[in-house]
Amino acid sequence: MATETNEPKEKSLNFLEEIIEESIAKGNTRVQTRFPPEPNGYLHIGHAKSICINFGLAKKYGGKCNLRFDDTNPVKEDVEYVDAIKRDIKWLGFDWAIERYASDYFDQLYDWAVALIGKGLAYVDDQTQEQIRENRGTISVPGTVSPWRNRSVEENLDLFMRMKNGEFADGAKVLRAKIDMAHTNMLFRDPIMYRILHTEHHRTGNKWCIYPMYDYAHGESDSIEQITHSICTLEFDVHRPLYDWFIQSLEIFPSHQYEFARLNLTYTMMSKRKLLKLVQENAVMGWDDPRMPTICALRRKGYTPASVRAFAEMVGVAKRDNIIDLSKLEYCVREDLNKIADRRMAVLNPLRVVITNYDAQKTELFSAVNNPENEAAGTHQIPFSQVIYIERDDFMEEPPKKFFRLCPGGEVRLRYAYLIKCEEVVKDAAGNITELRCTYDPMSGSGSSSDGRRVKGVIHWVSAKDAVEAEVRLFNPLFTKENPDDVAEGQSWEDNLNPDSMVQITGYLEPSLRETPIGQAVQFERVGYFCPDLESTPEHLIFNRTVTLKDSWAKINK
RNA sequence: UGAGCUAUGGUGUAACGGUAACACAGCAGAUUUUGGUUCUGUCGUUCCCGGUUCGAAUCCGGGUAGCUCAACCA
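Predicted model, so just to flag it, every value in this text is computed and none were measured. (Residues numbered from 1 in each chain as written. Chains lettered and ligands numbered in written order. Predicted model: local features only at pLDDT ≥ 70, side-chain atom pairs only at ≥ 80, totals over all residues. Heavy atoms only, no water.)

Visitor: Can you break down the nonpolar core residue by residue, with the values?
Guide: One finds Ile45 and Ile89 to be the most contacted residues of the largest nonpolar core, which totals 40 residues. Mapped onto this core, the elements with two or more residues apiece are helix H2 (45-60), strand S2 (64-69), helix H3 (79-92), helix H10 (295-301), helix H11 (305-315), helix H12 (326-340) and strand S24 (528-532). Per element, the largest residue contribution to this core is 6 residues, and it comes from H2. With near-sequence residues (within four places) excluded, isoleucine 45 lies in contact with Leu263, Leu265, Met270, Pro293, Leu298, Val308, Phe311 and Leu329. By size, the runner-up hydrophobic cluster in this structure holds 33 residues, among which are Phe106, Leu116, Tyr194 and Tyr211. (Core = buried A, V, L, I, M, F, W, Y, C linked by side-chain atoms within 4.5 Å. Buried < 20%, exposed > 50% of the residue type's maximum accessible area, 1.4 Å probe, protein only. Helix = DSSP H or I, 4+ residues; strand = E, 2+ residues; numbered from the N terminus. Contact = heavy atoms within 4.5 Å.)

Put into structure tokens, the structure is as follows:
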């Protein structure tokens, strides 16, 4: 009886899940991943994808995901970033098995370097940075061997120890792996393992003046933590052979690296280095400026963690370069907010309306549902009086044929309140509309009308004397270029900055909006989703636009 | 001009030799106390050329295009 078509369709696996399931099939049932940020900046939506992948995979296969800070370069790193990163991961809804730092492994890493020297696989090089660069060759021409490459094990051991002891200045010497200066993979041309940096480290202080490079530290850290699946982005693909080389040379736990394509979003800059520059040059208000793609900025704008997770799920995981429509992210946010956000009325571009046959002294309260999609959300009261504001866009003196809202002689429903009819348009000397004079149907309060007529147009409004004035910020993409990361040579991001990325206006809000908690988005009817800003106070409300509604009425104008 | 990675609708992601699917965007319509939400319909010669096969997005050969790599960054 049960037909095949009714069977729930099995969700297909992404390539990482396939790799894991294959290894499980071979008997390797343990799954251990890690999320390894460098604490040199704030996490952004691209990291959110990586977090969802790493924590998601671990959860799906009954494994664990570690948080490991890749803090091998003290000149760029800071505890400020460590704290922010932890906060953002938690906000996204994930928790790590253990928290580690590459710097926890500095002693072990040093011992392993000594072992590699002992095996004749590493040597101390006295060449200058420039000489090393020149002798590395290029992509098509082989490198040149260092004159120091054949030092004895004893001499290397002695020199490396003295490097550690602080006998040499920054840049005087480096420790290099001895591999192949003619290798087609540039990373195999005797990669640098340690450099001298007389810099205080945010965790180890002044204990070390030599610091391991990424290639030497990362795989080993994975190995120490017995990571089974070390997942990173595509640009690390060329590093994998070196990752394997160190692990094999050291004969330690064989972690493996797998690469996926990083997330790109239209009109969004994703390069951490460039984002830092935006902050440093005050092009934005800070890392959590609502125009930034950082997780803390999304939080400030009122995005929900669930919507970001849904987005990560929706974009999938693959190995080809991609650029995802920003509309996809916004869809995920709206989808979530549609279900949970309360509706409120707010007028952002006010037009004064006087209801001539309504008692000037009177105030009525109308009951409005908080969320038509969720009855349990309840209702709230909205004051109504003789003078109200409506949206300027909701009135047209000469309406096109399919315009359903207010026009001279026309009638609309004020949401939750009366039907009103426009009797007169008041203009100033310059011909600008300054006020509408309308009459209302006293019998139309509960959704009915005195004679059973119905109108097609329903508009939002606020009572002028009860309205709360608030700063409302409308955010648009920071960049006009579809892919701002991809700037031409010699061109800077400034050329692509959108001058209208932030528009600040004064809005008139219904009084209940005073009680909206910071960071919680509500829907302003027909306008979009907004949430109170961090800097909002009861005396001075600031609302940020979270995301717009689908703007289907705009096309009626064109 | 070396090596590696990747090619499926406007954008993403599936299909694992058997009639190319899902989502977003777009377009059209229905419902609606907001034109939102919800619902329905619609949109493709799988980068190219050749081969294997009854049958190819999938396998093989050869092209082409895009991306990555020449920090004492990660």
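From this point, things continue past the structure.
Visitor: Tell me about the confidence of the model for chain A, residues and numbers included.
Guide: Mean pLDDT over chain A stands at 94; residues scoring 70 or higher make up 96%. Confidence over residues 1-9 falls short of pLDDT 50; this stretch has 0 contacts with residues more than four positions distant or in other chains. The ipTM value of the predicted complex is 0.96, and its pTM value is 0.95. (pLDDT = per-residue confidence, 0-100.)

Visitor: Let's hear about the environment of glycine 120: which residues, and what values?
Guide: Checked against the element boundaries, glycine 120 lands in the loop between helix H4 (106-118) and strand S4 (122-125). For glycine 120, a relative accessible area of 27% translates into the label partly exposed. Separated by 342 residues in the primary sequence, glycine 120 and valine 462 place their C-alpha atoms 79 Å from one another.

Visitor: Tell me about the packing of aromatic side chains, residues and numbers included.
Guide: Within this structure, the stated rule accounts for 25 aromatic pairs. Seen in terms of ring centroids, phenylalanine 69 and tyrosine 101 are 5.1 Å apart; in terms of plane orientation they differ by 20°. Their pairing is stacked. Pair noted here: phenylalanine 69 is in strand S2 and tyrosine 101 is in strand S3 (residues 99-101), with a separation of 32 residues, a long-range link. With 5.2 Å between their ring centres and 80° between their planes, tryptophan 245 and phenylalanine 246 make a pair best called edge-to-face. Through pairs of rings, three or more aromatic residues link up here, namely Phe106, Tyr110, Phe160, Tyr194, Trp208, Tyr211, Tyr216, Trp245 and Phe246. (Phe/Tyr/Trp six-rings, centres within 6.5 Å; stacked < 30°, edge-to-face > 60°.)

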